[in-house]
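Listed below are the residues making up each chain.
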Amino acid sequence: MPYRLLKFALAKEYPEPRMFHSPDVLKDEYDVVVIGGGGHGLAAAYYLAMNHGITNVAVLEKSYIGSGGTGRNTAIIRSNYLTPEGCRFYNTSIELFKDLSRTLDLNLFYSQRGHFTLAHSPASLNTQRWRAEVNKQVGVDSRIVDPAFIGDRLPQLDLACGGHLPPVYGALYHPPGAIARHDAVAWAYARGAARKGVDIHQQTCVTDIEVRDDQVAGVHTDKGFIKTRKILSAVAGWTTSVTPMVGLRTPLVIHPLQAMVTEPLKPWLDHIVVSATLHLYVSQSSRGELVAGGSLDPYELISTRSTLGFSEQLAGRLIDLFPCVSQINVLRQWAGLCDMTPDFSPIMGKTPIKGFYLDAGWGTWGFKATPVSGMTMAYTIAHDVDHALIKPFNLDRYAQFRLVGEKGAAAVGH
Amino acid sequence: MKIIYCPVNGPRPLQEFRFGGEVRLMPDPDGSSDEQWADYVFNRSGEPGIKREWWYHIASGTWFVAERNTVTDEFIRTYLYEDQPDDG
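Remember, predicted model here, so these are calculated numbers, not experimental data. (Residues numbered from 1 in each chain as written. Chains lettered and ligands numbered in written order. Predicted model: local features only at pLDDT ≥ 70, side-chain atom pairs only at ≥ 80, totals over all residues.)

### Focus: the sheet that holds strand β12 (residues 224–227) of chain A
Pairing between the strands of a sheet comes from backbone hydrogen bonds, and it takes one of two forms, parallel or antiparallel.
Residues and elements named next belong to chain A.
So, step 1. The 3 strands are arranged β10-β11-β12 in an open sheet whose pairing can be described as antiparallel. Each of the sheet's edge strands pairs with one partner strand only, and the pair in question is β10 (206–212) and β12. Adjacent strand axes in the sheet meet at a mean angle of 25°, parallel and antiparallel pairs treated alike.
So, step 2. In terms of strand pairing, strand β11 (residues 215–221) meets β12 through 4 bridges, oriented antiparallel. Bridge pairing links H220 to F225 in β12. (Pairing = 2+ DSSP bridges. Helix = DSSP H or I, 4+ residues; strand = E, 2+ residues; numbered from the N terminus. Axes fitted to C-alpha atoms, helices over the stretch in contact; angles between N-to-C directions.)

### Describing helix α2 (residues 39–52) of chain A
Side chains of residues three or four places apart in an α-helix project in the same direction, reflecting 3.6 residues per turn.
All names here are of chain A.
So, step 1. For α2, which comprises 14 residues, the first-to-last C-alpha distance of 19 Å matches the rise-based estimate of 20 Å (1.5 Å per residue) to within 8%.
So, step 2. Burial runs high along α2: 11 of the 14 residues are buried.
So, step 3. Listed as buried for α2 are G39, H40, G41, L42, A43, A44, A45, Y46, Y47, L48 and A49.
So, step 4. Tucked into the core, α2 has its buried residues touching β1 (32–35), β2 (57–60), α7 (182–195), β13 (231–233), β20 (356–360) and α10 (370–383).
So, step 5. Just downstream of α2 lies G53, where phi reads positive at about 65°. (Expected span 1.5 Å × (residues − 1). Buried ≥ 20, exposed ≤ 12 C-beta atoms within 10 Å, placed from the backbone. Contact = placed C-beta atoms within 7 Å.)

### Let's talk about helix α3 (residues 84–98) of chain A
So, step 1. Relative to the 21 Å expected for 15 residues at 1.5 Å per residue, α3 of chain A spans 21 Å between its end C-alpha atoms, a close match to the ideal helical length.
So, step 2. Buried residues belonging to α3 of chain A abut β3 (76–77), α4 (100–104), α5 (122–137), β8 (178–179) and α10 of chain A.

### Quick notes on the interface of chain B and chain A
So, step 1. Across the boundary between the two partners, chain B contributes 13 residues, which contact 19 residues of chain A.
So, step 2. Here the side of chain B that touches chain A takes 4 residues from helix α1 (residues 34–42) of chain B, the largest share from any one element.
So, step 3. Counted by class, the side of chain B that touches chain A contains 5 nonpolar, 3 polar and 5 charged residues. (Nonpolar A, V, L, I, M, F, W, Y, C, P; charged D, E, K, R; others polar.)

### Observations concerning the sheet that holds strand β6 (residues 143–145) of chain A
Residue and element names in this part refer to chain A.
So, step 1. The sheet built from 8 strands is open, its strands ordered β6-β7-β5-β15-β16-β17-β14-β18 with mixed pairing. Pairing within the sheet leaves two strands with one partner each, and these edge strands are β6 and β18 (330–340). Adjacent strand axes in the sheet meet at a mean angle of 20°, parallel and antiparallel pairs treated alike.
So, step 2. Inspection of the sheet shows strand β16 (residues 280–284) paired to strand β17 (residues 290–296) by 4 bridges, in the antiparallel sense. Considered in β17, the bridge of S283 is made with V291.

### Looking at the environment of R191 of chain A
Residues and elements named next belong to chain A.
So, step 1. Structurally, the position occupied by R191 is in helix α7.
So, step 2. With 98 residues separating them in the primary sequence, R191 and S93 have C-alpha atoms 20 Å apart.
So, step 3. Not counting chain neighbours up to four residues away, the residues in contact with R191 comprise M19 and F20.

Shape descriptors only; they carry no functional weight alone.
What follows is the structure, encoded as structure tokens:
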């Protein structure tokens, strides 16, 4: 390893090959145009090329890849949801994640930690028992544990929550819960897609979409017009800026979600801990930083600004739960955009406009779904038929009053 | 601290307020189709821009309308629903 580092220090030019080469100009025509170079868009492009042999694909990203929700989440991966539809979908994602470092030949630091969702009242323990039963039914490893078990696994956790907050009655324990390096997921999919011939255009903003006779005809960008008959919108928090271009109404409302990291510490927090009552979730990254997030900002806002009120409240709750962290410093704080749906499930698949496919409604649960959403959206685009796993998530469920109420994601989802 | 101007109580901190969503007119339940009703129940105009929204001052129980930019978080003006300006 030191020799490799020396090479970096002494070489005049960067000694490693680039992850991918950005083409200079847009082609006149692509078979598929993906709007949004986040994990979801890049994964869809990758699976279009790998699984369906469609390689004449452009990914258009208005900033740099992974600059949106992909690089702003708290990198938690789990599948202990409340609806059978959600459990099956997210569990497929975990199965894909487990092999992803090997498949994409890049170390994603996928680290299985075990995930605790704390219950601070008998009522919330009942809801978690419900979740555990649904989970077992669809083959998700998940069970209720008592405070003694929690104390054994998390000795630093104050089960009394400082005495002034509701104490811990138990938890939903989900052993497969994991974390991963989120930006690496975007980069790995980008490299994999580019190797297969996909063009990734960064700094390319979509300004309008051409629709003729209810069929997509092309996209206008700040670098020119592209002819295409298939467009995937995979822009999460920016979806409400794209859907008006094709005249589509959606239930999406954008809220910011803030998070922060502390200075790095030696490894001490093995597990991922979530408390909906305290509006907190926390894990320790492979770099040793505590990564903590809270609940959504309480009103609609399409901006990634941070607030002091958030970090004050989150830090207070963190100390209530883990008194040992009271002297450590917060390193940085940021916000990501969450496109929230009324039933806390995503909106995926075909739309009333032919050739316009939607991958949206990712709220606080997008990162963990990156592989499965890429795979299922690629299938949907290639065959023009919604993949079986995402059929329940089609936009038409609202008009049919057939919602997928995913309370397992609510409060402090992610 | 963010300050919001309540039309009854004047400038107050954000913590005293609750967001109530955009101001929308309910279609006639008897005269609208299922599609129109579903559109009213679920769909929202989520695109960035200046919107008319319901806000609630918790301490005094005052519902009022705010015109707010959802990108910059700037409150352009606030007024009671019945006092809606002619250009509003």
